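Structural characterization, general
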Amino acid sequence: MLIELTDRPIDVAAVLQAVQADGAGAVNSFIGTIRNRSTGRRVVRLHYEAYDQMAVHQLRKVAEQAVAKWPMLQQVAVVHRKGTLEIGDVAVVVAVSTPHRAESFAACQYIIDTLKEVVPIWKKEEYEDGTVWVAAHP
Amino acid sequence: MKLTIALFGITRDIVGRPALELTVPAGQSVQQLLAELHQSFPALGQLRSLAVAVNNEYAQPETELQERDEIALIPPVSGG
């Protein structure tokens, strides 16, 4: 299991390599990237902040929950970036390997969806005329 | 007892520093801590949610805080 929070660019190929397994007939991945628009405004860049120790702990818990739900999971990797990211940069990579494809889609989606709900990482969008902490207010 | 509360994201902007030091009665619960913080910093009440983490786990309202606990305010997360 590869779980990492990093302030360096994510090597996507290395994350995929980390889930290689002889028992796997499927590798599924999700790559989250920085988009140039949000709620109708042009985004210049994003600033990610994390509660490092808790974030890594919660990332590991999410991955362990996925293994409990899909015991056929061969390998799981989750790498999340923090710091300042530019448009097109990779913010997160989730990769899983399973014997067959159906479970690989389900497990990968479960991990990214749950990560977005529970892992203490925050992003601040920077526009040409200001910044906003994403989703902070109703 | 003395508590140190780590602040992240918008809660750090609202409070204006990266951590808060509070002296509270022994046995203070998470719910009581939140009530006190809402009173001191009304802008916290405008957030979509506000959780408290104790030792890297989300804490229940009735959880009693201890002096050595690592405590943090968790505003709405937005990773991914």
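Structural data are supplied above this passage.
Below is a short write-up of the structure.

This part covers the overall build of chain B. Counting its regular elements, chain B contains two helices and five strands. Order of helices (α) and strands (β) in chain B, N terminus to C terminus: β-α-β-α-β-β-β. The globule rule puts the C-alpha radius of gyration for 80 residues at 12 Å, and the 12 Å found for chain B is close to it. Projected onto its principal axes, the C-alpha coordinates of chain B cover approximately 35 × 25 × 20 Å. Residue pairs in contact within chain B that sit at least 24 positions apart in sequence constitute 52% of those at least 6 positions apart.

Residues and elements named next belong to chain A. Positionally, Ser38 belongs in strand S3 (residues 37–38). A distance of 3.0 Å separates polar atoms of two side chains, one belonging to Ser38 and the other to Glu125. When residues no more than four places from it in sequence are discounted, the contact partners of Ser38 are Val43 and Glu125.

So, on to the sheet that holds strand S7 (residues 90–98) of chain A. Residues and elements named next belong to chain A. If you trace the four strands from one edge of the open sheet to the other, you get S1-S5-S7-S2, paired in mixed fashion. One side of each edge strand has no neighbouring strand; the edge strands of this open sheet are strand S1 (2–6) and strand S2 (26–33). The mean inter-strand angle of the sheet, taken between neighbouring strand axes irrespective of direction, is 5°. In the sheet, S2 pairs with S7 via eight bridges, with the strands oriented antiparallel. What sits directly across from Ala26, in S7, is Thr98. The strands that helix H2 (residues 52–69) touches are S1 and strand S5 (75–81); relative to S1, the one it contacts most, it runs at about 150°. Sitting on the sheet, helix H3 (residues 101–118) touches S2, S5 and S7, and the angle it makes with S7 is about 145°.

A word on the interface of chain A and chain B. On the side of chain B, 21 residues touch chain A, which itself brings 28 residues to the contact. The largest contributions to the chain A side of the interface with chain B come from Tyr51, Trp122 and Trp133 of chain A, which together make up 28% of the buried area. Applying the counting rule to chain A against chain B returns two salt bridges. We note a salt bridge from Arg12 of chain B to Glu49 of chain A, for which the minimum N-O separation is 2.8 Å. Elements with a minimum of two residues in the side of chain A that touches chain B: strand S4 (41–50), H2, S7, H3 and strand S8 (121–127) of chain A. Across the side of chain A that touches chain B, the residue classes break down as 18 nonpolar, five polar and five charged.

About the cut-offs
- Residues numbered from 1 in each chain as written.
- Chains lettered and ligands numbered in written order.
- Predicted model: local features only at pLDDT ≥ 70, side-chain atom pairs only at ≥ 80, totals over all residues.
- Heavy atoms only, no water.
- Helix = DSSP H or I, 4+ residues; strand = E, 2+ residues; numbered from the N terminus.
- Rg over C-alpha atoms; globule rule 2.2 N^0.38 Å.
- Contact = heavy atoms within 4.5 Å.
- Polar contact = N/O pair within 3.5 Å; in protein donor to acceptor, adjacent residues only side chain to side chain.
- Pairing = 2+ DSSP bridges.
- Axes fitted to C-alpha atoms, helices over the stretch in contact; angles between N-to-C directions.
- Buried area = accessible area lost by both parts, 1.4 Å probe.
- Salt bridge = Lys/Arg side-chain N within 4 Å of Asp/Glu carboxyl O.
- Nonpolar A, V, L, I, M, F, W, Y, C, P; charged D, E, K, R; others polar.

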